[in-house]
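# Breakdown of the fold
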Amino acid sequence: GLLSITSPDLSNEDQDASVANATLATNPEWGAGTLTFSLFSKLARPADAFLWYLDGVGEGFRLEPTSDWETIEIEIGPGAHTVTWSYAQVQDNSQGSVFIDDVFFTPDDQGRL
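Our subject in this report is the structure included herewith.

What counts, and at which threshold
- Residues numbered from 1 in each chain as written.
- Predicted model: local features only at pLDDT ≥ 70, side-chain atom pairs only at ≥ 80, totals over all residues.
- Heavy atoms only, no water.
- Pairing = 2+ DSSP bridges.
- Helix = DSSP H or I, 4+ residues; strand = E, 2+ residues; numbered from the N terminus.
- Buried < 20%, exposed > 50% of the residue type's maximum accessible area, 1.4 Å probe, protein only.
- Polar contact = N/O pair within 3.5 Å; in protein donor to acceptor, adjacent residues only side chain to side chain.
- Contact = heavy atoms within 4.5 Å.
- Salt bridge = Lys/Arg side-chain N within 4 Å of Asp/Glu carboxyl O.
- Phe/Tyr/Trp six-rings, centres within 6.5 Å; stacked < 30°, edge-to-face > 60°.

## Examining the sheet that holds strand β3 (residues 33-41)
Strand order in this open sheet of four strands is β1-β8-β3-β6, and the pairing throughout is antiparallel. Because the sheet does not close on itself, it has two edges, and the strands there are β1 (5-6) and β6 (70-76). Judged from the seven bridges that link them, β3 and β6 form a sheet pairing that is antiparallel. Bridging across to β6, Leu39 finds its partner in Glu70.

Below, the structure written as structure tokens:
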């Protein structure tokens, strides 16, 4: 999409492994529901990894590129939570990237917010 979150260039002179995170904090007044996001990855094997976490616990990952946008859903209980997307580049010469788009929360008892 036009307003996607994209992974940054993580190149560095020391050619060290690097990580970039994006974090979403949910509204503490929200009930249970589903957080949905779209993912497109140009991950470079074996140099890159993309992971997502709910409250610090791993919910999923990708190690290979996608051929198209994928829809990912995370079931979330009521109350405040953090969702973190993490792009890791373990080799400096990697040309990989990740895009996140269409992030929305659907309460269990209502339509799309």
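## What to know about the side chain of His81
One can find His81 in the loop between β6 and β7 (82-89). Overall, His81 belongs to the buried group, its relative accessible area being 14%. Side-chain polar atoms of His81 contact the side chain of Asp55, separated by 2.6 Å. Polar side-chain contacts of His81 include one of 2.9 Å to the backbone oxygen of Gly77. Residues contacting His81, with those up to four places away along its chain left out, are Leu24, Ala25, Thr26, Leu54, Asp55 and Ile76.

## Examining the pairing of β3
Among the nine residues that make up β3, nine are buried, leaving the element largely enclosed by the rest of the structure. Inspection of the sheet shows β3 paired to strand β8 (residues 98-107) by eight bridges, in the antiparallel sense. Counted as the bridge partner of Thr36 is Phe104 from β8.

## Concerning the environment of Trp30
For Trp30, the location among the structural elements is in the loop between β2 (18-25) and β3. Sequence separation of Trp30 and Pro78 is 48 residues, and the distance between their C-alpha atoms is 5.8 Å.

## Overview of the pattern of salt bridges
Applying the stated criterion to the full structure yields one salt bridge. The partner of Glu70 in a salt bridge is Arg62, and the shortest N-O contact between them spans 2.8 Å. Looking at Glu70, the relative accessible area reads 25%, which means it is partly exposed.

## A word on the packing of aromatic side chains
Aromatic rings considered in pairs are described by the distance between their centres and by the relative angle of their planes. A complete count under the given rule lists six aromatic pairs for this structure. On the numbers, 5.6 Å between centres and 80° between planes, the contact of Phe37 with Trp52 is edge-to-face. Of this pair, Phe37 sits in strand β3 while Trp52 is found in strand β4 (residues 48-54), placing the two residues 15 residues apart along the sequence. Each member of the pair, Phe37 together with Trp52, is buried. Seen in terms of ring centroids, Phe40 and Trp69 are 5.7 Å apart; in terms of plane orientation they differ by 40°. Their pairing is tilted. Residue Phe40 is found in strand β3, and its partner Trp69 is found in the loop between β5 (57-62) and β6; the two are separated by 29 residues along the sequence.

The analysis is restricted to geometry; functional conclusions fall outside its scope.
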